[in-house]
Amino acid sequence: MALQLQLHNKFGQLDLSVIDPKAVSELSDDAQKILSVLISAVQNREAAQLRFNSAVIGVREATAEQIAATAAHIAANPPQTAQQAQQAAIAAYNASH
Amino acid sequence: MASFESDPPEFVGRDQTTKADPKGKRATPAPVVVPVPSVAVYNPPLAGEAHPKIARKSVAERLDKAEANLTSANLELTASKAHLRSCELIEADALSAFIKACPAPPSADEIYRAHIKREQDAKLERVAKGLPPVEPKKIAARSPIDLAAAQRPRTSQAMPTGTPLRSPIARRIV
């Protein structure tokens, strides 16, 4: 008898919601044990996928905040110009000589 | 440093307990490098200078916090990507093990043999009832012209015997 258990959805992805309990009950004991391992692996993969998606969102939000903070920082604390650096060097030289 | 997707796996198998081959590719675990936090340049007011009208230090602290947050978010992204890849490998391994444990689907030869057996059983059943093995073809049109057409010899190799009459004139389809 061929396998009649449906594991994949219409997108070709492993989907636990399409598994028929009646078809599972017709499997052998060994096959049911391996299927339970597979179900656990699918659940772990789905949780890892959610974690990865939230991490991507977190990086995007952190990047936007970092860009805004950098712009505000440059506006509040502008970097030293070349003229200011030269003046500081001249002042340091005059103070030491 | 966190592992990347291109790195060779250290352990393989359904429960990640089998040492990957080649052995000794990475005998020691990768060192954990803690990124050095960046410090934004803060220009304090000079001696005798008036208090600045705009905030300077809080903006610099905000930038430090944002960069530290971005670094931790990138680390989490790298770790989650490696974790997802590992989970996908485990899932694929479990799926292949399940497919091996299940009975194989019938081959094309078995399907064809079952079809032949069904046909033979149906014929034997008809013969047991006193009927011809194959049901004779029903003739719907029984006019003299149709009977003559059914009994005429084959006019070409492509046309089977008993082909109903059809006008050779190509008619326009209205």
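Since the structure is predicted, the reported quantities are computational estimates derived from the model, not experimental observations.

About the cut-offs
Residues numbered from 1 in each chain as written. Chains lettered and ligands numbered in written order. Predicted model: local features only at pLDDT ≥ 70, side-chain atom pairs only at ≥ 80, totals over all residues. Helix = DSSP H or I, 4+ residues; strand = E, 2+ residues; numbered from the N terminus. Buried ≥ 20, exposed ≤ 12 C-beta atoms within 10 Å, placed from the backbone. Expected span 1.5 Å × (residues − 1). Contact = placed C-beta atoms within 7 Å. Nonpolar A, V, L, I, M, F, W, Y, C, P; charged D, E, K, R; others polar. pLDDT = per-residue confidence, 0-100. Core = buried A, V, L, I, M, F, W, Y, C linked by C-beta atoms within 7 Å.

A. Structural context of the overall build of chain B. Looking only at helices and strands, one finds three helices and two strands in chain B. Ordered by position in the sequence, the α and β elements of chain B form the string β-β-α-α-α. Per-residue burial over chain B gives 10% buried out of 174 residues.

B. Inspection of helix 3 (residues 82–96) of chain A at higher detail. Here helix 3 of chain A contains 15 residues, and its C-alpha end-to-end distance of 21 Å stays within 8% of the 21 Å for a straight helix at 1.5 Å per residue. Burial analysis of helix 3 of chain A places just zero of its 15 residues in the buried class, which makes it a mostly uncovered element.

C. Region of interest: the interface of chain A and chain B. With 32 residues of chain A at the contact, the number on the chain B side is 37 residues. Tallied by class, residues from the side of chain A that touches chain B come to 20 nonpolar, eight polar and four charged.

D. The arrangement of the confidence of the model for chain B in detail. Residue and element names in this part refer to chain B. Scored by pLDDT, chain B has a mean of 82; 83% of the residues are at 70 or more. Within chain B, helix 2 (residues 108–128) carries the highest mean pLDDT (96), whereas strand 1 (residues 11–12) carries the lowest (74). For this predicted complex, the interface confidence reaches an ipTM of 0.80, while the overall pTM sits at 0.58.

E. Broad picture of the nonpolar core. Counting residues in hydrophobic clusters, the biggest one holds 24 residues, and the most contacted among them are A:Leu38, A:Ala41, B:Leu63, B:Ala94 and B:Phe98. Ranked by the residues each element gives to this core, the list is headed by helix 1 (residues 57–101) of chain B, at twelve residues. Contact partners of A:Ala41, with chain neighbours within four places excluded, come to B:Ile90, B:Glu91 and B:Ala94.

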